[in-house]
Amino acid sequence: MTMPGRKVIMNFEVTPTSHSLEEYRARGGYATLEKALKLQPADITKEVTASGLLGHGGAAFPVGRKWGVMKPIPGEIHYLCANADEGEPGTFKDRWILENAPHLLVESMLITSYALGVRHAFVYIRGEFDLPYRRIQGAIDEAYAAGYLGKPVFGTDFALDIVVYRGAGSYVCGEASGLITSIEGRKPYPRNRPPRLTVRGLYQKPTVINNVESLANITGIIRMGAEEFRKIGTAKSPGTQLISISGHIAKPGVYEVEYGYPWAKFLDEDCGGMLHGAKMKCVVPGGISTKVLTRAEIEPLTLCHESVNPAGSGIGSGGMIAIAEGTCMVRLLQVLLRFYHHESCGQCTPCREGMGWMHRIIDRIVEGKGVPEDIDRLYAISAANDGTTICGMGDAAGYATVGILNKYRDEFEYFITNRRSKFDGRLECLA
Amino acid sequence: MKHLIPEFEKMKERYPEGFESSLVLPCLRRIQEDRGFVAEEDIVALVDYLKVPRIQVEEVLSYYTMLRRKPIGRFHLQACRNIACSMRGAEGVIAHLSRKLGVKPGQTTPDGTFTLTEVECLGSCGTAPVVMVNEAYHENMSTEKLDRLVDELAAGVRAGGK
Amino acid sequence: MPRLTIDGREIEAAAGRTVMEAATDAGIFIPYFCWHPKLSVPGNCRICVVGVEDKGGEWVEIACNMPVTEGMVVYTNSEKVRARRKATMQFITLNHPVDCGICDKAGECTLQDYHYEYNGERSISVDAKAHATKHYSLSPRIVLDNERCIQCTRCVRFTREISKSNGLGMQNRADHSLVRAVEDGSFANDPYSDNVIDICPVGALLSRSFLHKARVWYLKPTASVCPGCSRGCTVNLWHRRPEWRLRAPGMRAQNETIDRVTPLENPAVNGPWICNKGRDIAKVLGRARAETAMLKGRPAELQGAIAQARSLIAAARKPVAVVSSWASNEELAAFKAALGARFSVLVKADHEPEPGEVVQDDILIRADKNPNTAGARALFGEAPLALPPDADLVLVWGEGLDFGLIPAGAKIVYLNAWLQPENGHADVFFPTSIQTERDGHYTNFAGVTSAFTQCFPRPAGVADAQALFAALAGQAGGGE
């Protein structure tokens, strides 16, 4: 498969055994750890900061800045969690790393833990993932057996334990503080900030939570050095992005895309264009919580934050969904709002009440019982969830709703007036 | 549950000290794997073992969609109905399964073989639509593949095998 | 100490305080549902938003989780804040039934007040309200209406952080979440459970004993002290307002009964809490009363009884008094002044722990089930309750003494408020008033003195102990 640009993560051929420790070592695995342990912990953080690596979980927060809050004080307890609760609809890139490059994650977590003074690290993996769980647990077991985990490594006094913590079905666990509450063995209610989790996180101890892909970049950054890493991608978006693409696309799957790669080219050439040669209506750029962009809007854009953000959307979690002409956006929004309603944890008022409310409204519209004011109501509920909730979920549902309403208001008006879909309620792309 | 305590003790070894509360979720998952669901006696034994408030265990059981307190069918068919799967025919898949099994989503066939559940995104959007059968993902599903899958599972039960 | 400005008023707040705390300390009101000064901060209701000035603009966040910083400028009622509060009220009332007409909380409901203050408009929703369980039995004492619940989790946090019973939790998720009691039934054993009724900001948690008993605006709270143990928690006794007296025949009981008991916040004694026994104190105070003086079991006029008692006291060679630990400091002092020199005095426990009652814990409940043991002992010493065998007159004040302990042949003068068999065995019996029929003070185990206030008139025929002691000592007055 051709790949759009240079690679940091998907830089080897996937075979039935390529995830093993043996083959990972043959590719130079764990050599970077040895190199890193000769550096001062603070120098690793400095290198990661210099690399300009942005978080790959969705918010694109600079990884180095997050780490900078944690000071590795000897004797103090710090925790690291890899966020493998990949639950944003349309997103399945971390799953690729867990299944195919689990040792890359383990090595990266070792280097990160060394940098941050962490003795215990966690991989929080979504409960439904079975093969990804077995692969990462298998890799960790191999690493224990090989002496990388559980005892001092490479003649230093640094030792790390990694626990794989399996969720049990909840989207909110992907939110960093919800994840932490879940590891504490409770319902994953997100927490108010302040305090930040890097100040008071897991069991009130400073905790860094990084997305799997963010962490997977660490080994590459330390191996090649920040300067080399920055040569990949763009000045403001260094490196690459794993993009998982699905929907009405000819070749769905996970692609490593160098930041700055032309978006249209990616879709038309690398992904083989639309399914059944259909015309593209719009695309969800990075998980359903990012606002949809029409084909015309993405035409001049390249895949990097500084290009996509000004267009009113974002790279998000890299979960791209291509949507063909003829798809009913009302029904599509119904699917999304049903999801948000299902996954609201119910802790804070705007999201708990707002998600159910929006879901009831959209269901009513689809039943043919919509009224013209429903559109304003959806806008109002979205606005009342914007920045008002404990975690970002209320905002996300609002973005998704407003994104679709802004661009396809006519479909909603048509549905309400005619009591039926402009496109037969179609979600599939017909041949 | 009590026969699982040696396993739990082993699991504990990799956790930092004072993480008993964290073991609630992994223990419940293991109990469910063992029994098929979490029974009242499991809750009592787990509360006694971990010394956590019982209400915490009840809350967790009620919150997470994968945990259950009642037995279900031998094969749990979980069909994703989120965006990517719906765009690739999940609604047809679910309707077909429902017709074929003669049950609505959320129900179990009278012989206790199949339980059909609609679920939200399983992270298999690139290979949509996806149906989970117990722990395993079955991807790129079509009505033909579903028929084959369900028939094979049912035949296995009739033959008395697994 | 950071200095900040709230609504133009400059205030000083200790570092580490939140804007909510700083404002509350300074007497500035910020609305809240889920916040409670004694509980953790979940920040879930989102009504306490305030605006903070920032680079010429204003950002809006919840005050309960916002640390004060030096020089911060806060607005509690800016346009942005009002708009946000209104939107939040729309959410909170979205599925809340408009059944105030049959809700016990009406009249003291935070949601009602805030609706008028911060929203005041119809719902913008046209969809039917979502339904949930009504009349759910949370315990034998508490009824839950899940439709009214706004899920602030105050009750859940109370059982986690204050009573530590872990008796309540929040089940399920999204708008299907439900407050539920732990399934092993242990919430019923939480001796502090009824505090969740008070801290519920809406009418979701209701007291079964008060259910549909009275509209709160017909009631009036009278400050009092719980006599249930030596903690002496300050309480409000709620009873019918005099101006709303029921005038139909046979209504005296309804007019002169304690309808409910709630805590009267008191940092020195009980904070904002009381135990369930305190809630039920009306049962103790509502027992059948003795209302007639007696001479050896025969009804007598009060004046006649006083004369008889005086002659017994005058004739006694070794008079002993056993005083009540349910008596007020004023009554005890009156006894000491009038008769203290004539009697040797012992202090008794009127009440012992009942079977099944929590004897003592490290929250509020004390093992001594009498409110004023400390007050009585301060006046009459710590001597153990041992009646000298040669006592020839025993004055017993209050219930709880085994008359079998009184030396044979000794004369008995008995003061008691209740209708009890011992009354008829005394040579002279005086019916006395109870706490709700007089003012007074109790001193608790830690030496803190709290006042209680009269709620109802003293029944005819019942003596006021203070006056009675003076009369028995031959001073002026007659006990009525």
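Residues numbered from 1 in each chain as written. Chains lettered and ligands numbered in written order. Predicted model: local features only at pLDDT ≥ 70, side-chain atom pairs only at ≥ 80, totals over all residues.

Some thoughts on the overall build of chain C
In plain terms, the rule: In DSSP terms, a helix is any run of H or I states spanning at least four residues, a strand is any run of E spanning at least two, and both are numbered starting from the N terminus. Around each residue's C-beta, the other C-beta atoms within 10 Å are counted; 20 or more make the residue buried, 12 or fewer make it exposed, and counts in between make it partly exposed. All C-beta atoms are placed from the backbone. Each residue is represented by a C-beta atom placed from its backbone, and any two residues with such atoms within 7 Å are regarded as in contact.
Of the regular secondary structure elements, chain C holds 12 helices and 22 strands. Here chain C, with 480 residues, has 45% of them falling under the buried criterion. Of all intrachain contacts in chain C linking residues separated by at least 6 positions in sequence, the fraction that spans at least 24 positions is 63%.

Here's the deal with the overall build of chain B
A tally of regular secondary structure across chain B gives 7 helices and 4 strands. Helices (α) and strands (β) of chain B occur, in sequence order from the N terminus, as α-α-α-α-β-α-α-β-β-β-α. Along the first, second and third principal axes, the C-alpha atoms of chain B reach 50 × 35 × 25 Å. Per-residue burial for chain B yields a buried fraction of 41% across its 162 residues. For chain B, restricting intrachain contacts to residue pairs at least 6 apart in sequence, the fraction spanning at least 24 positions comes to 59%.

Considering the pairing of strand β21 (residues 440-443) of chain C
Residues and elements named next belong to chain C. As a reminder of what qualifies: Strands are treated as partners if at least two bridges between them are detected by DSSP.
As defined by bridge partners, β21 adjoins strand β22 (residues 449-452) across 4 bridges and the pair is classed as antiparallel. Its bridge partner being in β22, His-441 is matched across the sheet by Ala-451. The turn linking β21 back onto β22 is made up of 5 residues, and Gly-447 within it adopts a positive phi angle of 90°.

Quick notes on the nonpolar core
The condition that has to hold: Put simply, a nonpolar core is a cluster of buried Ala, Val, Leu, Ile, Met, Phe, Trp, Tyr and Cys residues tied together by C-beta atoms within 7 Å.
Counting 221 residues, the largest nonpolar core has A:Leu105, A:Tyr124 and A:Val283 as the members making the most contacts within it. Each residue touching A:Leu105, except ones within four places of it in the same chain, is listed here: A:Ala82, A:Ile97, A:Ile136, A:Val212, A:Leu215 and A:Ala216. Counting 45 residues, the second largest nonpolar core, distinct from the first, contains C:Val347, C:Ile406, C:Ala465 and C:Ala470.

Observations concerning helix α6 (residues 102-116) of chain A
All names here are of chain A. In plain terms, the rule: The length a helix should cover is 1.5 Å for every residue beyond the first.
When the terminal C-alpha atoms of α6 are compared, their 21 Å separation across 15 residues agrees well with the 21 Å that a helix rising 1.5 Å per residue should span. Buried residues dominate α6, accounting for 15 of its 15 residues. Directly beyond the C-terminal end of α6, a positive phi value near 70° is found at Gly-117.

Remarks on the interface of chain C and chain B
The test is simple: Polar here means any residue other than Ala, Val, Leu, Ile, Met, Phe, Trp, Tyr, Cys and Pro, which are nonpolar, and Asp, Glu, Lys and Arg, which are charged; Gly is therefore polar.
Contact residues are listed per partner, giving 10 residues for chain C and 7 residues for chain B. Its residues placed into classes, the side of chain C that touches chain B shows 3 nonpolar, 4 polar and 3 charged.

So, the environment of A:Gly260
All names here are of chain A. Relative to the helices and strands, Gly-260 is located in the loop between β6 (253-258) and β7 (261-262). Since 20 C-beta atoms lie within 10 Å of it, Gly-260 is described here as buried. C-alpha separation for the pair Gly-260 and His-305, spaced 45 residues apart in sequence, amounts to 8.7 Å. Excluding residues within four positions of it along the chain, Gly-260 makes contact with Gly-233, Thr-234, Thr-302 and Cys-304.

Things to note about the interface of chain A and chain B
In this assembly, 43 residues from chain A lie in contact with 39 residues from chain B. At the level of secondary structure, the elements contributing two or more residues to the side of chain A that touches chain B comprise β3 (161-166), α8 (176-183), β5 (240-247), β6 and α13 (329-343) of chain A. Of all the elements, α13(A) adds the most residues to the side of chain A that touches chain B, at 6 residues. Considered class by class, the residues forming the side of chain A that touches chain B number 16 nonpolar, 15 polar and 12 charged.

Examining the environment of C:Val41
All names here are of chain C. Relative to the helices and strands, Val-41 is located in the loop between α1 (19-25) and β3 (49-54). Among the residues examined, Val-41 registers 16 C-beta atoms within 10 Å and is labelled partly exposed. The sequence separation of Val-41 and Arg-157 amounts to 116 residues, and the corresponding C-alpha distance is 9.5 Å. Leave out the neighbours within four places in its chain, and Val-41 touches Trp-35, Cys-64 and Asn-65.

What to know about unusual backbone geometry
For the bond from A:Pro194 to A:Pro195, the omega torsion is 0°, close enough to zero to count as cis. Mapped onto the secondary structure, A:Pro195 falls in the loop between α8 and β4 (207-211). Here the amide bond leading from B:Ala128 into B:Pro129 is cis, since omega sits at -5°, within 30 degrees of zero. Mapping B:Pro129 onto the fold places it in the loop between β2 (114-119) and β3 (131-133). Although it is not a glycine, B:Asn140 adopts a positive phi angle of roughly 50°. Secondary-structure assignment places B:Asn140 in the loop between β4 (136-138) and α7 (143-158). For B:Asn140, a count of 13 C-beta atoms within 10 Å gives the class partly exposed. One non-glycine residue, C:Arg46, lies in positive phi territory at about 70°.

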